Every structure is written in structure tokens, then in C-alpha cells.
Amino acid sequence: MTERRVGIGYDTHRTSGARTLVLGGIELPGVPGLHGFSDADVLAHAVIDAVLGAAALGDIGWHFPDTDQRYAGADSIELLREAVARVTAEGWQVGNVDATVICEEPRISPHAAAMASRLAGALGVEAGRVSVKGTTNEGLGFLGRGEGIAALAVAMLER
């Protein structure tokens, strides 16, 4: 019998005009980027936490702390690859990932397939096993005012 586990991830970063926005490993020029220690890819970070959480291996901050200069400006897709390697070492494989980006801008739908493909490559699965969606916060709160972007992700692991 196949054992399955599910994990959930959440991340948020405030906007920063000092860098290009990166979501799901895809650069989106012309939109304010996000402030963070790594590349601030809020979507990849949520997926990392979902994958690590499903395997009961802690969270992104434990594995890739912002006190370690090796991760300053890090490519979050590479961090995701490393998280998957750690999960795989425990005998798990990714079944699927479902993720939602919450922001007023940019619109996610034109980029969702590219993000899903990039995330799938890092997860070691075909793109059809990764869903990326977008929604707004309907103008409410810091997300609604465009002061940041958040992402939620659910991952299922199997062994």
C-alpha cells in the first residue's frame, strides 16, 4: 500500500522596487519585485514549505536560514531542488503540488503554465502534476493595497 502525506506552505513578502519580481522561477519585469534575503520568490518558498512539511522535515527557515550568507540572493528554484533532494533521501517522491498566488498585480494566469513548468522541473515531476493559480485580495489589507504578495501551496508526497 502506498503511503501518502500532505503538507501546506504559506509565504508572503513585501514589495520592493529594488529588484525584478520572480514568481515560480519566472522573472516578471515591469512589476515591483519583492523584498527578501534570497530572490524572494514567494511562490517557490510556499512550495518548499509544503514539500518539507509533508515529509515532516521542518521549514524553509530551518533548512535555508537567512542568517547563512550562502543563501543571500539565492535562486529559490535551486533551494526547491535541494528541498526535494532532502525529501527524496527520506524515501518520498512528489505526487503533485497545487499553489495559489495572492496579489493585485501582476495577473498570474498569463504566466501560470510557465511557472508550473519551472516548478515541476525542480520538483522532478511532469508539469501536469503542478497547478499554479492566481487570485486577488479584492483590494483588502496589505495585499489588496499592493504592498506585498502571498502564496499558498499544498504538496502530496508518496512512498
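Scroll up to find the structure this text is about.
These remarks concern the structure in this document.

Cut-offs and rules
- Residues numbered from 1 in each chain as written.
- Predicted model: local features only at pLDDT ≥ 70, side-chain atom pairs only at ≥ 80, totals over all residues.
- Heavy atoms only, no water.
- Helix = DSSP H or I, 4+ residues; strand = E, 2+ residues; numbered from the N terminus.
- Expected span 1.5 Å × (residues − 1).
- Contact = heavy atoms within 4.5 Å.
- Polar contact = N/O pair within 3.5 Å; in protein donor to acceptor, adjacent residues only side chain to side chain.
- Salt bridge = Lys/Arg side-chain N within 4 Å of Asp/Glu carboxyl O.
- Buried < 20%, exposed > 50% of the residue type's maximum accessible area, 1.4 Å probe, protein only.
- Axes fitted to C-alpha atoms, helices over the stretch in contact; angles between N-to-C directions.
- Parallel < 35°, antiparallel > 145°, perpendicular 65-115°, else oblique.
- Nonpolar A, V, L, I, M, F, W, Y, C, P; charged D, E, K, R; others polar.
- Phe/Tyr/Trp six-rings, centres within 6.5 Å; stacked < 30°, edge-to-face > 60°.

## Let's talk about helix α3 (residues 76–89)
For α3, which comprises 14 residues, the first-to-last C-alpha distance of 20 Å matches the rise-based estimate of 20 Å (1.5 Å per residue) to within 8%. Packing partners of the buried residues in α3 comprise α1 (42–54), α4 (112–123) and β5 (148–158). In this structure Asp75 caps α3, since a side-chain oxygen of it lies 2.9 Å from the backbone nitrogen of Ile77. At the exit of α3 stands Gly91, carrying a positive phi of roughly 95 degrees.

## Remarks on the pattern of salt bridges
Considering all chains together, one arrives at 9 salt bridges under this definition. For Glu158, the salt bridge identified is with Arg4, shortest N-O distance 3.3 Å. On the criterion of sequence distance, the pair formed by Glu158 in strand β5 and Arg4 in strand β1 (residues 4–23) is long-range, its members being 154 residues apart. Of the residues examined, Glu158 reaches a relative accessible area of 16% and is grouped as buried. Here Glu126 makes a salt bridge to Arg129, at a shortest N to O gap of 2.7 Å. We classify Glu126 as partly exposed; its relative accessible area is 49%. One salt-bridge network, in which partners are shared between bridges, spans Glu3, Arg5 and Arg159.

## Some words on the packing of α1 against α3
The packing of two helices is summarised by the inter-axis angle and the distance between the axes. The geometry of α1 relative to α3 is characterised by a closest axis approach of 9 Å and an angle of 5 degrees between their N-to-C directions. With respect to each other, α1 and α3 are oriented roughly parallel. Along the contact surface, α1 presents Ala44, His45, Val47, Ile48, Val51 and Leu52, while α3 presents Ser76, Ile77, Leu79, Leu80, Ala83, Val84 and Val87. Across the contact of α1 with α3, the residue classes break down as 11 nonpolar, 2 polar and no charged.

## Describing the packing of aromatic side chains
Applying the stated rule across the entire model yields 1 aromatic pair. Between Phe64 and Tyr71 the ring centres are 5.3 Å apart and the planes differ by 80 degrees, which places this aromatic pair in the edge-to-face class. Like Phe64, the residue Tyr71 is buried in the burial classification.

Read these as spatial facts, not as claims about activity.
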